[in-house]
Amino acid sequence: MKLTPFTIAFLYLIVGVCWIVFSDRLLATVAQHTGWVFVEHMQTAKGIAYVVITAVLLFIFIRKLHTQLSRAEEDYKRLFLENPQPLYVFDVQTFRFLEINKATETQYGYTRDEFLRMTLLDIRPPEERSRFLALNHSIADTSIHYWGRWKHLRKDGQTLIVEIFTHPVVFQGRDARLTYVRDVTAMVQAQEQLEELGNKLQAIINSTDDAIWAIDKHYRLLVCNQAFASIMQQRTGRVVQIGQELSIPDYDNPQQANRWMDAYRRALAGEKVEFEENDVLQPGEKPRYAHVSMHPILDANQKVIGAACILHDITSLKEHEIQLKEALERYNLVTKATNDAIWDWDILHDRVVFNDQFWQMFGFEPTDEGGKLWEEHLHPDDKERVLQGIQQALNEKRNLWADEYRLRCGNGKYKYVLDRAYILYDEQQRPVRMIGATQDIQIQKEYEQAILRQNEQLREIAYISSHEVRGPASALMGLFMLMKEQYIAQNNQEYQELLPLIRESLEQLDSVIHKIVDKTSQLMQ
């Protein structure tokens, strides 16, 4: 049983009353048999016995109560000294430490004896001491006070950022305050790093012309950049605020509003959404085109908690596309007379579109994988050169590219083609489109090859004329000169008349051979 002052007084009362009542009755009974003289002696003995018994009981009760108080004191002292949180007691008049626990020693690096010789000013940097002295240290108010964040100094000079909670107490007969110190240095540093990271992130997203924003599952705006805020202000006439519910602007076209709401719902349901949008921000302005992408934001448990959105202005690209489409339509009309194959390579999405003439020219069945089909049918001897030439033109930011190569047709035969293209770039000088025309030059190549073969034949004729024919002709001239000398020596009149005729024929033959060689050389040139 736990002893309290009330319990001790109550037990003392019960024992005293019982003793008086029962002892008096006992003495009255004894007096009837022994007389009152003996009873008077017993009355004295009863009083002495009462005093002895009550003294023993009081000793037992007081010792038990003292034991309880000592145990409670030890328990409370242990709760203070062994508390894992730094605690200390200081005198509100002198600011001296009156008691500290082990956690305080560990946190600050001082021993208990060192602390008891110090004041609270010793653990504060000079710039914060005046702020501390300005505080109200009175103990009249018995509530717990939060004194805010402070800088404290460890024994090794390291600065701690702490939060202080105090409660007024009376300790060792002095007005004092029990103080709890929470070290928030790591938390503050993490907050500063997070704030710095947030500032850098905000600077990054503000450096782009793309509109960037994020919403939670209740359509409240979590973050946005300046581009998004500017668009919303132009569209709604209101300044957007972080935390406000992001309402869809009142579009003249209900389908446009429904498209946005449907996109938000799908993104918040965990789906990645992409679509193109066009709108007029200000009356009288030309339409603006944009590519919108929305991605779900997931927490550590892969649960959707919001949606991150990006709006990229593609007005210039769309205008180029419209211009290209119009130009392509005009070019298609022209190419119907020339039978050129037209192709359009969307470089960003790696998609190639060919007109009908391409499939007819090479005998292929139309397919969505036209670019892959074209590359697979390049002649092995031309493939590397052609592909490298295209890549080099893109790398060097050239607008024109042209090349001749062979392409295998649907029937397995190769055709010579002349391919020419125009390359378009975006504002960042990234290649985005390549429009080309492929011309069938197979007949021209065959004609060139026929000419080359004819030239080769003429070269052979020239060689024969200059070497194989002129050699015998030169030999005949030499023999003629020998015969002339012999017949002159013999004075043969009949043969001397024939010799001029033979010489004239040989000279005519040599002249004809020279003309053949000269004509052949001219044709080869």
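Placed above this text is the structure.
Here we summarise the structure given alongside this text.

With that settled, consider the sheet that holds strand S1 (residues 87-91). Across the sheet, five strands lie side by side as S2-S1-S5-S4-S3; this open sheet has antiparallel pairing. Two strands close off the open sheet at either side, each with one partner strand: strand S2 (97-100) and strand S3 (145-153). The average undirected angle you get between the axes of adjacent strands in this sheet is 30°. Note: S3 against strand S4 (residues 159-171), eight bridges, orientation antiparallel. Across the sheet, the residue bridging to Arg149 is Glu163, located in S4.

Moving on: the packing of aromatic side chains. A ring pair, where both rings are aromatic, is described by two values, the distance of the centres and the angle of the planes. The full count for this structure, using the stated rule, is 23 aromatic pairs. Summarising the aromatic geometry, the rings of Phe97 and Phe115 are spaced 5.0 Å apart at their centres and angled 75° between planes, so their arrangement reads as edge-to-face. Within this pair, whereas Phe97 is found in strand S2, its partner Phe115 is found in helix H4 (residues 112-116), the two being separated by 18 residues in sequence. Between Tyr108 and Phe115, the ring centres sit 6.0 Å apart and the planes meet at 90°, which makes this aromatic pair edge-to-face. Residue classification places Tyr108 among the buried positions, given a relative accessible area of 0%. Members of the aromatic cluster, joined through ring pairs, are Tyr88, Phe90, Phe95, Phe97, Tyr108, Tyr110, Phe115, Phe132, Trp147 and Trp150. Over the face of the ring belonging to Phe362 we find Lys415, whose NZ or CZ atom lies 6.0 Å from the ring centre.

This part covers the environment of Asp209. Along the chain, Asp209 turns up in the loop between helix H6 (185-206) and strand S6 (211-216). Exposure remark for Asp209: the relative accessible area of 73% places this residue in the exposed category. As for Asp209 and Phe228, which are separated by 19 residues in sequence, their C-alpha atoms are 8.9 Å apart.

Analysis parameters
- Residues numbered from 1 in each chain as written.
- Predicted model: local features only at pLDDT ≥ 70, side-chain atom pairs only at ≥ 80, totals over all residues.
- Heavy atoms only, no water.
- Pairing = 2+ DSSP bridges.
- Helix = DSSP H or I, 4+ residues; strand = E, 2+ residues; numbered from the N terminus.
- Axes fitted to C-alpha atoms, helices over the stretch in contact; angles between N-to-C directions.
- Phe/Tyr/Trp six-rings, centres within 6.5 Å; stacked < 30°, edge-to-face > 60°.
- Buried < 20%, exposed > 50% of the residue type's maximum accessible area, 1.4 Å probe, protein only.
- Lys NZ or Arg CZ within 6 Å of the ring centre and 35° of its normal.

Nothing here speaks to function; it is geometry throughout.
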